[in-house]
Amino acid sequence: DYFPKYRERLRREIMPASARALLLHGVTSVRDMGANLEDIVEVRDQINRQEIPGPRLFICGPILQKTLAGGDMYDLSAQALFRWTIDSPEDARMKVRKLLDAGVDFIKLIQGAEMAPAELAAIVEEAHKAGKTVAAHGLSENEIRTMVKAGVDTIEHTGLGPGALPYAEDVIKLLIEKQTVVVPTGIVAWVYKLTQEFPERRFNDEVRQDFPPDLVQDLEQSLSNFTGLRYFASAPGWIASGPGRWRQLINAGVRIVIGTDSGTPINFHTESTWREMQLMAQHGMTPLQVISAATKWPALVMGQGAQLGTIEAGKLADVIVVKGNVLENLNNLQHVTHVIKGGRVYK
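Since this is a predicted model, take the numbers as computed values, not measurements. (Residues numbered from 1 in each chain as written. Predicted model: local features only at pLDDT ≥ 70, side-chain atom pairs only at ≥ 80, totals over all residues. Heavy atoms only, no water.)

### So, the overall build of the protein
What counts is decided by this rule: Numbering of helices and strands runs from the N terminus; a helix is a DSSP stretch of H or I covering at least four residues, while a strand is a stretch of E covering at least two. Within these notes, the globule rule equals 2.2 Å times the number of residues to the 0.38 power, and the radius of gyration is based on C-alpha atoms. The buried label goes to any residue with under 20% of its type's maximum accessible area, the exposed label to any with over 50%, and the partly exposed label to all in between, with areas taken from a 1.4 Å probe on protein chains only. Contact definition: two residues touch when any of their heavy atoms are within 4.5 Å. Only the protein chains shown count as cover for residues, with accessible areas throughout obtained via the Shrake-Rupley method and a probe of 1.4 Å. Neither His nor the chain ends contribute to the count of charged residues, in which Lys and Arg are positive and Asp and Glu negative. The location of each charge is read from NZ of Lys, CZ of Arg, CG of Asp or CD of Glu.
When you go through the protein residue by residue, the secondary structure sums to 15 helices and 11 strands. For the protein, the C-alpha radius of gyration of 19 Å lies close to 20 Å, the compact-globule estimate for 347 residues. Dimensions of the protein along its principal axes, counting C-alpha atoms only, are 50 × 50 × 45 Å. Out of the 347 residues belonging to the protein, those deemed buried represent 51%. Within the protein, residue pairs in contact and separated by at least 24 positions form 69% of the contacts whose partners lie at least 6 positions apart. When the accessible surface of the protein is totalled, it reaches about 15,700 Å², and 52% of it is carbon and sulfur. One finds the centroid of the 38 positive side-chain charges in the protein at a distance of 3 Å from the centroid of its 41 negative side-chain charges.

What follows is the structure, encoded as structure tokens:
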């Protein structure tokens, strides 16, 4: 219901507020994982023109998928705003080219296991030919195998989803051989656990400061029975299976990058990144490995290693200052006192 209700306010209010919240809480670059093309291009350009504050945006625009499934969590008209369906290899190539012509930074697909091999190949080939990466969901083992073999560059939501615990050894071996990057986004499900333990966290003072009052009221009301949301139907199972899989991926040396799906239910822009980083540290990564997974490695994945990701002479000055030593306690990342993006002080 919320997509149609707030459709006319997305570009004008909600997306700029989200961008500002991310930046002021220490996120200087973002890979946006799906949005209406016109909206996200305009917001990205407004940020680049310094008309509104926000992180540096790397965008994919609409998600490519096989069908708009009626059983999904959103109604079909809302889905169509940020999801494009494909029905042939030729159609897949045409839509990838349309996105590339519009200036997207990467391509995202879902339902990859449902696509014909030729359709999947067309998406990957067109993107790679243009020097762009491809991101794909990887919930089940079969989906991970299919996506990695097709040549996608990043697998999203790794560790979540159905199937055996841990992953089969061939899945781990394939990820390492192909040097495929995984993005766990464990916080998407973990917020369910956090909110069960502390239901009052849905009343977030920082969110109240960042977003319009009527939207905040709707948000808090919708979360009053968060356990009943269809979005969280699989969360208990994912919470049970995720930690073992994350440890398996970490111990095997699979390349992991921090991602959050920030903005999903109870997954606030104000805290999603440091909570995901904390989650990975709790399940096997060292604090320094986690920080690299949130800075250095994402920059390299997006082909931005010469400008971003580390503090070095000649690179863009993206620096945040926090209270406390993050190598001793990653929770200190929530206490951001200064934010510098591209040499400009925003906080």
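### What to know about unusual backbone geometry
Despite not being glycine, H157 has its phi angle at roughly 70°, a positive value. Mapped onto the fold, H157 is located in the loop between β7 (154-156) and α8 (169-177). Looking at H157, the relative accessible area reads 8%, which means it is buried. Although it is not a glycine, I266 adopts a positive phi angle of roughly 60°. Along the polypeptide, I266 turns up in the loop between α12 (235-252) and α13 (272-282).

### Side note on the side chain of Q304
Its location among the elements puts Q304 in the loop between α15 (296-301) and β9 (319-322). Excluding its chain neighbours within four sequence positions, the residues that come into contact with Q304 are F58 and A299.

### Things to note about the pairing of strand β1 (residues 29-32)
Our working definition: In this description, strands pair whenever DSSP reports at least two bridges between them.
Burial of β1 is one-sided: the residues V30 and D32 facing one way are buried, the residues S29 and R31 facing the other way are not. Where β1 and strand β2 (residues 56-59) come together, four bridges link them in parallel fashion. Across the sheet, the residue bridging to S29 is R56, located in β2.

### Description of the packing of aromatic side chains
To keep things clear, this is the line we draw: Classification of ring pairs uses Phe, Tyr and Trp, with its six-membered ring standing for Trp, and accepts pairs whose centres are within 6.5 Å; under 30 degrees between planes counts as stacked, over 60 as edge-to-face, and the remaining range as tilted. A ring is scored as having a charge over it whenever the NZ atom of a lysine or the CZ atom of an arginine sits within 6 Å of its centre and within 35 degrees of its normal.
Taken as a whole, this structure holds four aromatic pairs when the rule is applied. Taking the centre distance of 5.4 Å and the plane angle of 50° together, the rings of Y192 and F232 count as tilted. You can see Y192 sitting in helix α9 (residues 187-197) and its partner F232 sitting in the loop between α11 (213-222) and α12, a full 40 residues away along the chain. Each member of the pair, Y192 as well as F232, carries the same accessibility label: buried. The interplanar angle of 90° and the centroid separation of 5.3 Å between the aromatic rings of Y231 and F232 together place this pair among those described as edge-to-face. Judged by relative accessible area, F232 falls into the buried class, the value being 3%. Ring-pair connections join several aromatic residues into one group, and the members of that group are Y192, F226, Y231 and F232. In this arrangement the basic side chain of R31 is found over the ring face of F106, its NZ or CZ atom lying 5.6 Å from the centre. For the cation-ring pair, R255 lies above W297, with the distance from its terminal atom to the ring centre recorded as 3.5 Å.

### Focus on the nonpolar core
This is how the line gets drawn: As used here, the term nonpolar core means buried Ala, Val, Leu, Ile, Met, Phe, Trp, Tyr and Cys residues forming a set that is joined through side-chain atoms within 4.5 Å.
Formed by 86 residues in total, the largest nonpolar core has its most connected members in L64, I107, L109, I123, I155, L175 and L249. In this structure, A135, A299, M302 and L308 belong to the second largest nonpolar core, which totals 12 residues.

### Side note on the packing of helix α2 (residues 10-24) against helix α3 (residues 37-48)
Axis angle and axis distance: for two packed helices, these are the angle between their axes and the distance between the axes, and together they describe the pair. Our working rule: Helix axes use the C-alpha atoms of the stretch in contact, all axes being lines fitted to C-alpha atoms, and the angles between their N-to-C directions lie in the range 0 to 180 degrees. Orientation categories follow fixed angle ranges, with anything under 35 degrees roughly parallel, anything over 145 roughly antiparallel, 65 to 115 roughly perpendicular, and all other angles oblique. With the far helix as reference, a near helix turned anticlockwise by less than a right angle produces a left-handed crossing, and one turned clockwise produces a right-handed crossing.
Packing of α2 against α3 brings their axes to within 10 Å, and their N-to-C directions diverge by 55°. By the angle class used here, α2 and α3 are oblique. With respect to the hand of their crossing, α2 and α3 are arranged in right-handed fashion. Counting all contacts with α2, which are made through L10, R11, M15 and A19, the residues of α3 involved are E38, D39, I40, E42, V43 and I47.

### Structural notes on the sheet that holds strand β10 (residues 336-341)
If you trace the three strands from one edge of the open sheet to the other, you get β9-β10-β11, paired in antiparallel fashion. Edge positions in the sheet fall to β9 and β11 (344-345), since each has one partner strand and no second. Sheet topology note: the β9/β10 ladder contains four bridges and is antiparallel. Each bridged residue has a counterpart across the sheet, and for V322 the counterpart in β10 is V336.

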